[in-house]
Protein chains: 2
Amino acid sequence: MPPFKQLSTWQETVAQLQDHLASSIAPFLPSKPLPSPLPLNVTALPSQYLSESDFTLTSLAPETLIARLASGSLTSAAVTTAFLRRAALASKLTNCITELLPSALTRSAELDAYYKQHGKPIGPLHGLPISVKEHLGLEGLDNNAGYVSWIGNVAPRDALIVDLLKQAGAVIYARTTQPQTLMHLETSSNIYGETVNPYNRKLTAGGSSGGEGALVGMRGSVLGIGTDIGGSIRSPAANCGVYGLRPTSYRLPNEGGIATMLGQEHVVPVIGPLSTSLEGIRIFAKTLVDRKPWLRQPCLLPFPWKEENQLPLGTDGKPRLKVAVLWDDEVVKPHPPILRALREVVGKLKDAPDVEVVTWKPYKHFQAWEIIASLYFADGGKETSAAIEASSEPWRPLSSWIVRENPYAKALSVSEVWDWTMRREAYKAEYAALWNATATGTDENGVPIGMVDVILCPVGPGTAPPLDCARYWGYTAQWNVLDYPALVFPVTQVDPAIDVKEEEYTPRSNGMDEYNYKLYEPETYRDAPVSLQLVGRRYEDEKVIQALEFLKKYITLPL
Amino acid sequence: MPPFKQLSTWQETVAQLQDHLASSIAPFLPSKPLPSPLPLNVTALPSQYLSESDFTLTSLAPETLIARLASGSLTSAAVTTAFLRRAALASKLTNCITELLPSALTRSAELDAYYKQHGKPIGPLHGLPISVKEHLGLEGLDNNAGYVSWIGNVAPRDALIVDLLKQAGAVIYARTTQPQTLMHLETSSNIYGETVNPYNRKLTAGGSSGGEGALVGMRGSVLGIGTDIGGSIRSPAANCGVYGLRPTSYRLPNEGGIATMLGQEHVVPVIGPLSTSLEGIRIFAKTLVDRKPWLRQPCLLPFPWKEENQLPLGTDGKPRLKVAVLWDDEVVKPHPPILRALREVVGKLKDAPDVEVVTWKPYKHFQAWEIIASLYFADGGKETSAAIEASSEPWRPLSSWIVRENPYAKALSVSEVWDWTMRREAYKAEYAALWNATATGTDENGVPIGMVDVILCPVGPGTAPPLDCARYWGYTAQWNVLDYPALVFPVTQVDPAIDVKEEEYTPRSNGMDEYNYKLYEPETYRDAPVSLQLVGRRYEDEKVIQALEFLKKYITLPL
């Protein structure tokens, strides 16, 4: 039990947390032994190992749970217990949990009592279980951000987002894994090992919010909190076949999250939801913004969540959408399943009467990577290296790759940071000019109108890769550079019979394309979720969500 | 004529600009010789040296000019010519201009022709002359930001704000002075010398937008563009008795302004208006925001200018206001005229039925100064020093004071910048918590309500001081640290008979208070405008303007 101590070896130190994890999930595990060996795809196991009622409850969408909790037809205790059980099972299958919280049972009972007494919910999330990435502080609990040396750090209070969600009625019941450094698009640490993909355990769940990805992918959570500075919400959402939103910066409260390099604003880290439904994403963001988090975290922007229609209206007064498709960023060509998913979606949209599909030509996406990669570790990785090396834990392969082998991770002077900041802003202006150039005219104020509304694009150069192979961040980090809101949604799954390798392809000479090309063998990726990304302009978070709601008329999504 | 050249001595280099200034104002100067010596207060001279029609035209408020230009009852040529003449005179009296632009006459003729042809204005600022601080680029013109070594740098295009104002119909006719480094609350450079106060030529016009302050104070402009990173709009507005707004960051476009340390985001520089009317301030901001400048400068926030009421409503459905008064920041006590102005205003507001007046206790304002002063020159002043020393121009006293004698101007490592950034954010959160604590309750989302609406406070520790004495920035820089919108407005003038020295006062032991106390001798400040500042929370720019409109029911202001 926390507080944990730094013991004489790092292995002894982490053993405390592993023991705590095991004992925290034990009460919620099924008595029936799990298959041995486990199948590669473990998504069918919950239906076999949970009671019918637990399975049914946990298979509901968050908006359905919220409605039934609010109407009193479900109790929070029943829902919370069901999710604790499914989360415990999910963790045995994918290694996604750092601890389950028995306090959730107390809290859910309190909420049920409140409901009974007042005849109404305490708030818009009354009784809903929500899962949280470990580096977001919970009062009195260990808060290590994936570093062995940080074990024993106890959060003095709940992170702001947790406090606001609790105020809204949420029940915090599960904490989830993250990688060493928080800077992998996978989730492996020396504390908990590797979090694997529910659909194919030889593949990564993605990262850095990979615990959330696997947990939500297993429906052990319908709504979880992740963070994203280069793809860390979107990679696990995409890899695990769920929805995930990287909001524009400074909209949702990330106060109370720990990491190295706090205080750096060159690439603003953001916090956001992963969910089993698109509506879950919307409810999460709206609920938080409605609580005016800027009054407590002043860097946040005091602008309300827009409920009214954000889509342009056609001459018939009905919304219509201009979707630009980015097929390939001209740095690393996406694997066949990604291109198939794009083709399938675009094929349907092209027939839609109120959707116009155009092509988006990528603009110097590798330059965007050079900018962001130079700004990620402006201290040359000093703080990150120190946090790893303060214990004698080994460097994980992807930590080494992004900090020690990354040619852009160089210690900069303050003047050099300003110089890169100027380049970043210049790049953003150039990208904005391209977007403006899609206008069909101008309004009475000289403002361009009729522009592209959203960009549809891959979330990565492939689906979830095998462990330790997620090296190309371009498809997600691009939108961090530009600070555009980006919404990930599941489209299909890899079918080795259809998604054959492109044998004739000659990779581009940048090395990264060849690395990615060689990663693809259809059978390796069997069943892996194939997801896509919908991107809007800065602060068009609401529009991007509405755009996907609109497009769902035409594209049948698995969720 | 530009392009100017770097000549063998700095004196020869600047002589080109002084000659150009003289020849650019010559055509617009009155033929009658000016009094010699000039009186200390030169504000009465325009009525004696301009034609009655020029004097009348230039004495109109910007909103009146806009309305008459839009109705066709005034031509832009007549208005522009009148302002060129009054600006030329203002420059002879206060040294506020770097060049007058003959292109304004061409442009105003074009606008008149447009009006004649189309029977309507080209945009909301049709034909209105607007003045611009020199460091904001104008295509093809010299752009030196007050550094001799930068003379010869020609702006490749108009600054974005200039482009947008021109699109809206404005006529750019005058460029104004700024100090060496842009980091004085005064305006003295080795290129143009010192800009003096129209009301008392022994006092400074303030700075760094002191050319605008003096020009607008002389009604040689009704609307000018300044920039502010520590008080540079508000100090000259206050010193010269006009309105000035430091907007919240990232609302108005500052792209195309040059300065050292571009790319630093630790203390965000902002751009904003100085005007002879409050309505001029509002029109300026709204016109720019209506043009969606964020489409071209992506760091700007895409939120519309709010026209609807932002003030809280009382039970009678009418607006009411809770005003907190900050009398003294507990670091440097304001001079008697400032405290008198506060007392007069507060006295009137206390009698108002729909205004509640409370006291604002300053919270660690000196700590705020330590934070901002440490972040201003995170490179230790390297870029600034280099720009000065690249020519052999001497350091101006206040440049030396803020860069070389400033104990907080130390070269920081990137990690140290992050550390100061964390302190800045922590301070902001603490200040926000104090503001939240003024609430009278919470709404259904748990959000505090009934809080203080605005803070009324001094703009500085005194009125305009004698030259080279503006050393304490706390009353303005405080709101830069917090990134709060701050609106300056004129209240009264110094009357040595009333504003007697407080003989009994024992200054605080910080040195700054004693320095300021000793600066005050009533006669020194005769006629100096006394202004105050109204401050709102972050992004409440519209609310602050509406609050002053509301308060003007009770307080009679000189403008």
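How each quantity is defined
- Every chain is numbered independently, its residues counted from 1 as its sequence is written.
- Chains carry letters and ligands carry numbers; both start at the beginning, A for chains and 1 for ligands, and go up in the order they are written.
- Under the rules for a predicted model, residues below a pLDDT of 70 receive no local features and side-chain atom pairs below 80 are neither given nor counted, while totals for whole chains, interfaces and linings still include all residues.
- As a convention, hydrogens and water are excluded, and side-chain values are obtained from all of the structure's heavy atoms.
- UniProt positions are given in the numbering used here, feature names are shortened, and annotations may be inferred rather than shown by experiment.
- Note on definitions: salt bridges are taken to be side-chain nitrogens of Lys or Arg within 4 Å of carboxyl oxygens of Asp or Glu.
- We count a stretch as a helix when DSSP gives it H or I for four or more residues in a row; a strand needs E for two or more, and each element gets its number in order from the N terminus.
- Residue burial is assigned from relative accessible area. The probe radius is 1.4 Å, only protein chains are included, and a residue is buried under 20% of its type maximum, exposed over 50%, and partly exposed in between.
- Note on contacts: a residue pair qualifies if any of its non-hydrogen atoms lie within 4.5 Å across the two residues.
- Defined here as a combined quantity, buried area equals the accessible surface (1.4 Å probe) lost by two parts on assembly, summed across both.
- Nitrogen and oxygen atoms within 3.5 Å of one another constitute a polar contact, given that in protein one can donate a hydrogen and the other can accept it, and given that sequence-neighbouring residues count only through two side-chain atoms.
- Only residues with pLDDT of at least 70 in both copies count here: their C-alpha atoms drive the least-squares fit that superposes the copies.
- Angles shown run from 0 to 180 degrees and are taken between the N-to-C directions of axes, each axis being a line fitted to C-alpha atoms and, for helices, limited to the stretch in contact.
- Should an angle fall under 35 degrees it is called roughly parallel, over 145 degrees roughly antiparallel, and 65 to 115 degrees roughly perpendicular, with every other angle called oblique.
- Three classes are used: nonpolar for Ala, Val, Leu, Ile, Met, Phe, Trp, Tyr, Cys and Pro, charged for Asp, Glu, Lys and Arg, and polar for all others, with Gly counted as polar.
- Whether two strands pair depends on DSSP finding at least two bridges between them.

Looking at an unreviewed UniProt entry, one finds chain A named amidase, with Trichodelitschia bisporula as its source organism. Per UniProt, chain A carries the Sequence similarities (unreviewed entry) text "Belongs to the amidase family." Turning to chain A, the UniProt record has this under Catalytic activity (unreviewed entry): "a monocarboxylic acid amide + H2O = a monocarboxylate + NH4(+)".

Colleague: Give a detailed account of the pattern of salt bridges, specifying residues and quantitative values.
Modeller: Residues and elements named next belong to chain A. For the structure shown, the criterion picks out 60 salt bridges over all chains. The partner of R396 in a salt bridge is E194, with the nearest N and O atoms 3.5 Å apart. Taken together, the residues R396 in the loop between α13 (382–389) and α14 (397–404) and E194 in strand β5 (residues 193–194) connect sequence positions 202 residues apart. With relative accessibility at 14%, the residue R396 sits in the buried group.

Colleague: Now, about the interface of chain B and chain A: what can you tell me, with residues and values included?
Modeller: Listed as interface residues are 46 residues of chain B and, on the opposing side, 46 residues of chain A. Carbon and sulfur atoms make up 61% of the surface buried where chain B meets chain A, a total of about 3800 Å² over both sides. Looking only at chain B, the three residues that lose the most surface to chain A are L295, F303 and W418 of chain B, adding up to 20% of its buried area. For the pair chain B and chain A, the interface holds 2 salt bridges. Of the charged contacts, one joins R424 of chain A and E265 of chain B as a salt bridge, the two residues approaching to 2.5 Å between their closest N and O atoms. Counting the contacts that link chain B with chain A gives 14 residue pairs in polar contact (both at pLDDT 80 or more).

Colleague: Give me the relation of the copies chain B and chain A: which residues, what numbers.
Modeller: Each copy superposes on the other: chain B lies on chain A with an RMSD of 0.0 Å after a rotation of 180° and an axial shift of 0.0 Å. Both copies are brought into coincidence by an operation consistent with a two-fold rotation axis. Among all residues of chain B, the minimum C-alpha distance to the rotation axis is found for V414 of chain B, at 2.8 Å. Comparing interface residues between copies, 100% of those in chain B also sit at the interface in chain A, which points to an isologous, same-surface contact.

Colleague: Please provide a residue-by-residue account of the packing of helix α12 (residues 365–376) of chain B against helix α16 (residues 474–482) of chain B, values included.
Modeller: All names here are of chain B. Across the interface, α12 lies against α16 with an axial gap of 9 Å and an inter-helix angle of 70°. In terms of their interaxial angle, α12 and α16 are classed as roughly perpendicular. Here α12 contributes H365, A368, W369, I372 and Y376 to the contact with α16, which in turn contributes A477, Q478, W479, N480 and V481. Of the residues in the contact of α12 with α16, the class split is 7 nonpolar, 3 polar and no charged.

Colleague: Requested: an account of the sheet that holds strand β15 (residues 454–458) of chain A, with residues and values cited.
Modeller: Whenever strands of a sheet pair, they do so through backbone hydrogen bonds, lying parallel or antiparallel. Residues and elements named next belong to chain A. Read across the sheet, 11 strands follow the order β1-β3-β2-β8-β10-β9-β16-β17-β15-β11-β12 without closing on themselves; strand pairing throughout is mixed. Across the chains shown, the open sheet's two edge strands, defined by having one partner strand only, are β1 (97–100) and β12 (355–359). On average, each strand axis in the sheet is inclined to that of its neighbour by 25°, with strand direction left out of account. Judged from the 5 bridges that link them, strand β2 (residues 129–133) and strand β3 (residues 171–176) form a sheet pairing that is parallel.

Colleague: Describe the UniProt feature "domain: Amidase" (unreviewed entry) in chain A, with residues and values.
Modeller: Within this numbering scheme, the UniProt entry marks residues 79–544 of chain A as carrying the feature "domain: Amidase" (unreviewed entry). Summarising residues 79–544 of chain A: 33% helix, 16% strand, and an end-to-end C-alpha distance of 30 Å.

Colleague: Tell me what's going on with the pairing of strand β8 (residues 223–228) of chain A, and back it up with residues and numbers.
Modeller: Residue and element names in this part refer to chain A. In terms of burial, β8 is largely enclosed, as 6 of its 6 residues are buried. Of the two faces of β8, both are covered, the one formed by L223, I225 and T227 as well as the one formed by G224, G226 and D228. Bridge count for β2 against β8 is 2 bridges, and the pairing is parallel. Counted as the bridge partner of V132 is I225 from β8.

Colleague: Before we move on, could you go through the sheet that holds strand β11 (residues 321–325) of chain B and cite the residues and values that matter?
Modeller: Residue and element names in this part refer to chain B. With respect to topology, 11 strands assemble into an open sheet ordered β1-β3-β2-β8-β10-β9-β16-β17-β15-β11-β12, the strand pairing being mixed. Of all the strands in the sheet, just β1 (97–100) and β12 (355–359) have a single pairing partner and so form its edges. Across the sheet, the mean angle from the axis of one strand to that of its neighbour is 25°, orientation sign disregarded. Bridging between β11 and strand β15 (residues 454–458) involves 3 bridges; their strand directions are parallel. Of the residues in β15, the one forming a bridge with V323 is V454. Along the sheet, helix α8 (residues 210–217) contacts β1, β2 (129–133), β3 (171–176), β8 (223–228) and β10 (270–275); its crossing angle with β3, the most-contacted strand, is approximately 120°. Strand contacts of helix α10 (residues 278–290): β8, β9 (243–246), β10 and β16 (486–493), with the helix running at about 145° to β10, the strand carrying the most contacts.

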